[in-house]
Amino acid sequence: MDEKRAKELLKAERERVEAELASVRGESREESDQDVPAGDFNSEGLYEDELAAGREGDLQRRLDRIERAEERLAAGTYGLSVRSGEPIPDGRLEAEPLAELTVDEEPGGTKRW
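Not measured: the values here are computed from a predicted model.

Engineer: Even after reading the chapter, I still don't get the pattern of salt bridges, so can you show me in this structure?
Structural biologist: Opposite charge on two side chains allows them to pair when their charged atoms are near. Inspection of every chain in the model, using the stated rule, returns 16 salt bridges. Between R72 and E100 there is a salt bridge, with the nearest N and O atoms lying 3.3 Å from each other. Of this pair, R72 sits in helix α2 (residues 43-75) while E100 sits in the segment after α3 (90-95), and the two are 28 residues apart along the sequence. With relative accessibility at 8%, the residue R72 sits in the buried group. Where R92 meets E106, a salt bridge forms, and the shortest distance between an N and an O atom there is 2.8 Å. Within this pair, whereas R92 is found in helix α3, its partner E106 is found in the segment after α3, the two being separated by 14 residues in sequence. We classify R92 as buried; its relative accessible area is 9%.

Printed below as a string of structure tokens:
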């Protein structure tokens, strides 16, 4: 994959993840600002808080993966497996720009490209 296309994919993914992360964080703050009388147990609110915290964690991990992909791009190793150094097919990178392994190297991986 050429560097220009890789930069486009990573930039788009970063923007998407950062926007979603901001949204999740904003929703969490709004929900926590709601007044709930002391002693009231709001299981729906608790579930939503846990769901938002889990989603925020997932997005933060994805942001970390974006940063690693950007570092690989700067180092000239983007598009190569971090395990074997084998090329990752362009089709896989188009579908998952943060891919660090070939499909065959993924746990339970099956060749799809």
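Engineer: Is there a simple way to explain the environment of R16 in this structure?
Structural biologist: Along the chain, R16 falls in helix α1 (residues 3-33). Sequence separation between R16 and L63 is 47 residues, and the spatial gap between their C-alpha atoms is 10.0 Å.

Definitions and limits used
- Residues numbered from 1 in each chain as written.
- Predicted model: local features only at pLDDT ≥ 70, side-chain atom pairs only at ≥ 80, totals over all residues.
- Heavy atoms only, no water.
- Salt bridge = Lys/Arg side-chain N within 4 Å of Asp/Glu carboxyl O.
- Helix = DSSP H or I, 4+ residues; strand = E, 2+ residues; numbered from the N terminus.
- Buried < 20%, exposed > 50% of the residue type's maximum accessible area, 1.4 Å probe, protein only.

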